[in-house]
Amino acid sequence: APGGNAAGERKVPIDAATLKLSNATAEAVSYKGKAAIRVTDTAGDSAPDGKQLALIPGIEFGDGDIYIELAGDTKPGSPPTFRGFTGLAFRVAGDGSKYEAFYLRPKNGRSDNQEQRNHSAQYISFPDYGWKRLRDETPSRYESYVDLVPGEWNAIKIEVRGDKARLYVNGATQPALLVNDLKHGAAKGGLSLWVGPGTIAHFANLRIKTAE
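**Student:** Honestly, the packing of aromatic side chains in this entry has me stumped. Any pointers?
**Tutor:** According to the stated counting rule, one finds eight aromatic pairs in the structure shown. A centroid spacing of 5.0 Å and a plane angle of 10° characterise the contact between Tyr99 and Phe126, whose relative ring orientation is stacked. Of this pair, Tyr99 sits in strand β8 (residues 99-104) while Phe126 sits in strand β9 (residues 121-126); the two residues are 27 residues apart in sequence, bridging distant segments of the chain. The same class applies to Tyr99 as to Phe126, namely buried. Here the aromatic cluster, defined as three or more aromatic residues joined through ring pairs, consists of Phe82, Phe85, Tyr103 and Trp194.

Have a look at this one:
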């Protein structure tokens, strides 16, 4: 149960000093009442998508549920097209060369533009299936609307089973986004805090529950 201590569920401490960083910085902070890790994109505006990672050491995750709280916003002075991209990558290869991920675009959640709202939650599969390819080839299949506010905490649950995954946001009983064909298939790998271009994000209270 979200927030509960279900059988097999364990808290995973995140230590800013041991994160394996790629194009990002990480520091321990207090943010809106929670002990958190702040991850800031350092790749620059022209960097390829998906290269900003803060890999958590020592985790081998295949099937199960991942719970985390996250908040995302843009760095001051970021281009208006940047939306505070913040998420979690799972089944990450040790060198970060491939992974699956769900992320949020908090600045889209309450946009006055309905099309932007429809792009609030996103699935990607690195390196071959970035958001643009998925949007071009299969419009609307791998992204959806969810109510979000930039800089505010969101409670996330990701259910992963075989080649399927579901993203739940803020205690909803129905998924905001479901993926029935994870591009890497059934696999195992690590977990990584994930940010996109121009993002400052906060992460707290990571827990995982391994499926039987």
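**Student:** Help me out: how do you make sense of the sheet that holds strand β2 (residues 20-22) in this one?
**Tutor:** Working definition: the strands of a sheet are paired by backbone hydrogen bonds and lie parallel or antiparallel to each other. The strand order across the open sheet built from seven strands is β2-β5-β14-β7-β8-β9-β10, with neighbouring strands paired in antiparallel fashion. Strands at the two margins of the open sheet, each flanked by one partner only, are β2 and β10 (143-144). As defined by bridge partners, strand β7 (residues 86-92) adjoins β8 across five bridges and the pair is classed as antiparallel. Looking at the pairing, Thr86 lines up with Leu104 of β8.

**Student:** Before we go on, may I ask you to explain unusual backbone geometry in this structure?
**Tutor:** Backbone phi values are negative for most residues with the exception of glycine, while trans is the configuration of most peptide bonds. Of the consecutive residues Phe126 and Pro127, the connecting peptide bond is found in the cis state with omega at 5°. Of note, Pro127 is situated in the loop between β9 and α2 (131-137). Although it is not a glycine, Asn23 adopts a positive phi angle of roughly 55°. Here Asn23 is to be found in the loop between β2 and β3 (24-31).

**Student:** For this particular structure, what's the right way to read the pairing of β3?
**Tutor:** Each regular strand carries side chains that alternate between the two faces of the sheet. Relative to strand β4 (residues 34-41), β3 runs antiparallel, the two being bridged by eight bridges. Across the sheet, Glu27 pairs through a bridge with Arg38, a residue of β4.

**Student:** What is the right way to look at the environment of Tyr142 in this model?
**Tutor:** When you line up the elements, Tyr142 lands in the loop between α2 and β10. Look at Tyr142 and you get buried, because its relative accessible area is 2%. Among residues more than four places away in sequence, those in contact with Tyr142 are Ala121, Gln122, Tyr123, Leu134, Leu177, Val179, Asp181 and Lys183.

Scoring rules and cut-offs
Residues numbered from 1 in each chain as written. Predicted model: local features only at pLDDT ≥ 70, side-chain atom pairs only at ≥ 80, totals over all residues. Heavy atoms only, no water. Phe/Tyr/Trp six-rings, centres within 6.5 Å; stacked < 30°, edge-to-face > 60°. Helix = DSSP H or I, 4+ residues; strand = E, 2+ residues; numbered from the N terminus. Buried < 20%, exposed > 50% of the residue type's maximum accessible area, 1.4 Å probe, protein only. Pairing = 2+ DSSP bridges. Contact = heavy atoms within 4.5 Å.

Spatial relationships are all this shows, so hold off on functional conclusions.
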